[in-house]
Amino acid sequence: MNSHASAQIRAHIARDGHITVADYMDLAAAAYYARGDVFGRGGDFITAPEISQAFGELIGLWCAVTWQQMGRPAPFKLIECGPGRGTLMADVLRAAKMVAGFLPAAEIHLVERSRALRDKQRTTLKDHSVTWHDDLDAVPHGPQIILANEFLDALPVRQFQRTPNGWSERVITADPTQALTFSTMLADNAPIPIPLAVTAEIGAIFERSDAVTAAVAAMSQRITAHGGAALLIDYGHTASALGETLQAVKSHQYTEVLATPGEADLTAHVDFGHVKTTARAAGALVHGPVEQGLWLKRLGIGVRQVQLAKDKPPEAARAIEQGVRRLIEPHGLGMLFKVMALAHPTLKDLEGFEGKIEFQSGP
Ligand code: SAH
C-alpha cells in the first residue's frame, strides 16, 4: 500500500470519523500521480496520445484552424490541463507548426500538480519554452486554446446514495479490522442536488464532481472574457444519469477502489450534460459532445493513417493501423470517449462538430 496516501486517509478518518469519496480520491490521486510515469504498456493504463501519434497531430491541426478562426492572435496561450507525459502537446506542436505563425505566437502553459510528471513533460518538450502551474487560475489571461484529454475524469467525484431515509453522501470509514469500507452519512447541512431523485431506487448512486464543475466554470469564464476555446476529451455520458462509475485500474486490470489508495488510477465518467449546463451558465458556446471516433474521422484520421504508414515495413504499417483503429472503433475508445468544445460565442463553427450545435436557450 502507498503508505503516504494511506496514512493521510486514515488520519482524516481518525479526525472526522469518515472521509468523503471526493476527499479520498483527491488524496489517492495526488499520491498516485506523484509516482511519475504511470502510463503505457509497462504502467497502469494507456491513453489516446500514447496509442497513436495521429491523435495529437489531428488535435494540433484543430488548434491551428481554431487559432485562425480566432483571428490569429499573437501571442496567445496554448494551455493543457493534465498533460501526462507531454506526448499530446509534443504531437500538437509538431503538426501545428505547419501553419505559419502558430508556433511563434503560442505561449505554452501546462497545468500539472505532479512534480514527477512535470519532469517527464520537461524532457518530452525540451525544444519548447513551457511554464507550469498548479491550477488553471494561475495561468495569465489572454486569448487561449485549452486542451484536456483524460483530465476531468481524474478529478474527485462525490457520491450520493438513496437510502430508506433519503439521499445520503457516501463516505469511507475504517472498520475494526482496519479495512476501509463504504458507508453513508445523511447530509446534515446543504441539501444534495439530485436531478433524478424521483426514479431512483433504494441503493441507487449518483455522482457529482465539484472539481469538474469548478474547472469547467473557470475555463468557460476565461474563454468568454478573453476569447478562444477549450477542447475536452474524456470518457463519459452525454446526459446526467444514475450509476456508479468510479473505478480503479492498476497494471491494466480493474482493482478494488479502496484496496490500494495511491497505487491505482482512480477515475469516474464525466457527466457531459452537467459540463454543458455549467459552461453555458458561464456564457460559453458548447459544441458536441461528439463520439471520439466520429470526431477523428471528420478530422481526417484515415488520410493521416495512410500517410504515416506509407513506405513503412508491413509490421510497422500494421501497428499504425491497429493504433488508429483502437482510437476510432466502437469497442475501443471510439464510442465511450466523447469530444466537446467550449467556445467564445463568436466561434460558431469548429472543426469536427459540424451540425452538432444545438439551439442555445440558456442553461
Ligand atoms: N492527458 C494525459 C494524462 C491523463 S492522466 C494523457 O492523455 O495521456 C491525468 C493527468 O492530470 C495527469 O497528468 C495528472 O497528474 C493530472 N492531474 C490530475 N489531477 C490534477 C489536478 N487536480 N490538477 C492538475 N493536474 C492534475
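The structure we're discussing is the one just above.
What comes next concerns the included structure.

Here is what the cut-offs are and how they apply
- Residues numbered from 1 in each chain as written.
- Predicted model: local features only at pLDDT ≥ 70, side-chain atom pairs only at ≥ 80, totals over all residues.
- Heavy atoms only, no water.
- Helix = DSSP H or I, 4+ residues; strand = E, 2+ residues; numbered from the N terminus.
- Rg over C-alpha atoms; globule rule 2.2 N^0.38 Å.
- Buried < 20%, exposed > 50% of the residue type's maximum accessible area, 1.4 Å probe, protein only.
- Contact = heavy atoms within 4.5 Å.
- Salt bridge = Lys/Arg side-chain N within 4 Å of Asp/Glu carboxyl O.
- Near = heavy atom within 4 Å.
- Polar contact = N/O pair within 3.5 Å; in protein donor to acceptor, adjacent residues only side chain to side chain.
- Areas by Shrake-Rupley, 256 points an atom, 1.4 Å probe, with all protein chains shown as cover.
- Core = buried A, V, L, I, M, F, W, Y, C linked by side-chain atoms within 4.5 Å.
- Disulfide = S-S within 2.5 Å.

1. Topic: the overall build of the chain
- In terms of helices and strands, the chain carries 13 helices and 16 strands.
- Relative to its length of 363 residues, the chain is compact, with a C-alpha radius of gyration of 21 Å against a globular reference of 21 Å.
- Dimensions of the chain, computed from C-alpha atoms along their principal axes, come out at roughly 65 × 50 × 40 Å.
- By residue count, 54% of the 363 residues in the chain fall in the buried class.
- If you take every contact in the chain between residues at least 6 apart in sequence, the share linking residues at least 24 apart comes to 76%.

2. Some points on the pattern of salt bridges
- Inspection of the entire model under this criterion finds 19 salt bridges.
- Asp91 serves as the salt-bridge partner of Arg94, at 3.0 Å between the closest nitrogen and oxygen. One end of the pair, Arg94, and the other, Asp91, are both in helix α5 (residues 87-96), three residues apart, so they sit about a helical turn from each other.
- A salt bridge links Asp135 to Arg113; its shortest N-O distance comes to 2.9 Å. Note that Asp135 is positioned in the loop between β4 (130-133) and β5 (144-149) and Arg113 in the loop between β3 (106-111) and α7 (115-124), a separation of 22 residues in sequence.
- Judged by its relative accessible area of 53%, Arg113 is exposed.

3. Some thoughts on the site of the ligand
- Around the ligand there are 15 residues in total, and Thr47, Gly82, Gly84, Glu112 and Asn149 lie nearest to it.
- Interatomic distance of 2.5 Å between a side-chain N/O atom of Thr47 and an oxygen atom of the ligand.
- Within the backbone of Asn149, a nitrogen or oxygen atom sits 2.7 Å from a nitrogen atom of the ligand.
- Contact with the protein chains hides 94% of the accessible area of the ligand, taken as 570 Å² for the molecule alone.

4. A short note on the side chain of Glu263
- Mapped onto the elements, Glu263 comes out in the loop between β12 (253-255) and β13 (265-267).
- When its relative accessible area of 14% is taken as the criterion, Glu263 is described as buried.
- Separated by 3.1 Å, the side chains of Glu263 and Lys250 make a polar contact.

5. Thoughts on the environment of Ala14
- When you line up the elements, Ala14 lands in helix α1 (residues 3-16).
- Using a relative accessible area of 68% as the deciding quantity, one classes Ala14 as exposed.

6. Remarks on the environment of Lys97
- Take Lys97: it is sitting in the loop between α5 and α6 (102-105).
- Classification of Lys97 by relative accessible area gives partly exposed; the value is 47%.
- The spacing of Lys97 and Gly60 is 37 residues in sequence and 8.5 Å in space, taken between C-alpha atoms.

7. Focus: the nonpolar core
- One finds Ile59, Trp62, Leu78, Phe102, Leu231 and Trp295 to be the most contacted residues of the largest nonpolar core, which totals 54 residues.
- Residues Val111, Val139, Val270 and Val286 belong to the second largest nonpolar core, which totals 26 residues.

8. A look at the state of the cysteines
- If you walk through the whole model with that rule in mind, you get zero disulfides.
- Of all cysteine sulfurs in the structure, the one in Cys81 sits closest to Cys63, which takes part in no disulfide; the separation is 13 Å.
- Residue class for Cys63 comes out buried when judged on its relative accessible area of 0%.
- Judged by relative accessible area, which is 1%, Cys81 ranks as buried.

9. A word on unusual backbone geometry
- A cis amide bond links Ala74 to the next residue, Pro75, at an omega of 0 degrees.
- Secondary-structure assignment places Pro75 in the loop between α4 (53-69) and β2 (76-81).
- For the peptide bond that leads from Gly288 to Pro289, omega is 10 degrees, which places it in the cis range.
- The topology assignment puts Pro289 in strand β15 (residues 285-291).
- Unusually for a residue other than glycine, His252 sits at a positive phi of about 65 degrees.
- Among the secondary structure elements, His252 is positioned in the loop between β11 (247-250) and β12.
- When its relative accessible area of 38% is taken as the criterion, His252 is described as partly exposed.
- Of note, Asp311 is a non-glycine position whose phi angle comes to about 65 degrees, a positive value.
- For Asp311, the location among the structural elements is in the loop between α11 (301-309) and α12 (314-328).

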